[in-house]
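Structural features, examined
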Amino acid sequence: MTKLLVEVHDASNLMPKDGFASHYVEVEFNEQKQRTQTKHQDLNPYWNEKLVFNLNNSEELERKTIDVVMYKDRKGGHHHKNFLGRVRIYGASVPLLESAATIQRYLLDKHGIFGIQSRAI
């Protein structure tokens, strides 16, 4: 079985709303969902977290998408989240070799920019 590694690096210049906010990222791929830790009171959060997803074979990656969603954790709990924005990454754009993987930065709805890296492993 092939693995897809998605690295969530950071976000920058997030807009303050009701003061400083706590942020986290959920990544969904192939009916699997994972999330980063919540970074508290930070408008430029740095995660540098690696999320690993199962993939039957690398050939099917080009037909899949990786959905990356950032949330503001309003009260420190998983049930009080505010949607901040989404990035959809098409599998065809994901390099199959680790040596070809680079950090890509994506615009997140006008709320800020954050960087992720993904590759099949």
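Residues numbered from 1 in each chain as written. Predicted model: local features only at pLDDT ≥ 70, side-chain atom pairs only at ≥ 80, totals over all residues. Heavy atoms only, no water.

1. Looking at the nonpolar core
Grouped together as the largest cluster of nonpolar side chains are 22 residues, with contacts concentrated most on Leu4, Val27, Ile66 and Met70. For this core, the secondary structure elements donating two or more residues are β1 (2-12), β2 (23-29), β4 (46-55), β5 (65-73) and β6 (81-90). (Core = buried A, V, L, I, M, F, W, Y, C linked by side-chain atoms within 4.5 Å. Buried < 20%, exposed > 50% of the residue type's maximum accessible area, 1.4 Å probe, protein only. Helix = DSSP H or I, 4+ residues; strand = E, 2+ residues; numbered from the N terminus.)

2. Remarks on the pairing of β5
Most of β5 is tucked away, with 8 of its 9 residues classed as buried. Where β2 meets β5, 7 bridges bridge the pair, whose relative direction is antiparallel. Across the sheet, Val25 pairs through a bridge with Met70, a residue of β5. Both β5 and β6 contribute to a ladder of 9 bridges, which runs antiparallel. (Pairing = 2+ DSSP bridges.)

3. Let's talk about unusual backbone geometry
The phi torsion at Asn30 lies on the positive side, around 55 degrees, for a residue other than glycine. Tracing the chain through its elements places Asn30 in the loop between β2 and β3 (32-35). According to the relative accessible area criterion, Asn30 is partly exposed, its value standing at 26%.

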